[in-house]
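Observations on the model geometry
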Amino acid sequence: MKSKILNCYFCRFLVQQKLKNRVGDMDIHWRPQVQLCKPCAFNYSYILRFENITYESNKLLDYIQKQNPILTSHKITFPGKDRPFVKNEETTQLFEQISKKDVQALREIYADDFFILNHDPYLYGGV
């Protein structure tokens, strides 16, 4: 019950930041990523997604090591198992604790992130 209340309060806090037009002032941990990374201003060679950090990190390490012949003699890998980090069942349960209105506001706050990272903003709904 406590986590349900905290989940709702946190989402309300984020929505309030949007209503106050203060999304750009939010803590970097929940500020939209496009405001931090500025993908239109920089030409990134590689973008990692955290849903499966082991897989993504190993792809990046492979890419780096192929670019530098000195590194190919000793292959470096990211430790861990190739399993998804995000658990859809848990995420679904958490979103079921949030109103549809707040979920829509969260979609608006993070719309550019959804687009740039090719996420489905309608994968999870509210109540």
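Look above for the structure.
Residues numbered from 1 in each chain as written. Predicted model: local features only at pLDDT ≥ 70, side-chain atom pairs only at ≥ 80, totals over all residues. Heavy atoms only, no water.

1. Notes on the overall build of the protein chain
For clarity, the cut-off: Counting from the N terminus, the helices are DSSP H or I runs at least four residues long and the strands are E runs at least two residues long. For each residue, the accessible area found with a 1.4 Å probe, counting protein chains only, is set against the maximum for its type, and the residue is called buried under 20%, exposed over 50%, and partly exposed in between. Where accessible areas are quoted, they stem from the Shrake-Rupley method and a 1.4 Å probe; at the residue level, only the protein chains shown are allowed to cover.
For the protein chain, the helix and strand inventory stands at six helices and zero strands. Walking the protein chain from its N terminus toward its C terminus, one meets helices and strands in the order α-α-α-α-α-α. Every one of the 127 residues in the protein chain was classed for burial, and the buried ones make up 20%. When the accessible surface of the protein chain is totalled, it reaches about 9,700 Å², and 59% of it is carbon and sulfur.

2. Observations concerning the state of the cysteines
Heads up, the condition is: We call a pair of cysteine sulfur atoms a disulfide when they lie within 2.5 Å.
For the structure on display, the rule yields zero disulfides. Not part of a disulfide, Cys-8 finds its nearest cysteine sulfur in Cys-11, a span of 6.8 Å. For Cys-8, a relative accessible area of 24% translates into the label partly exposed.

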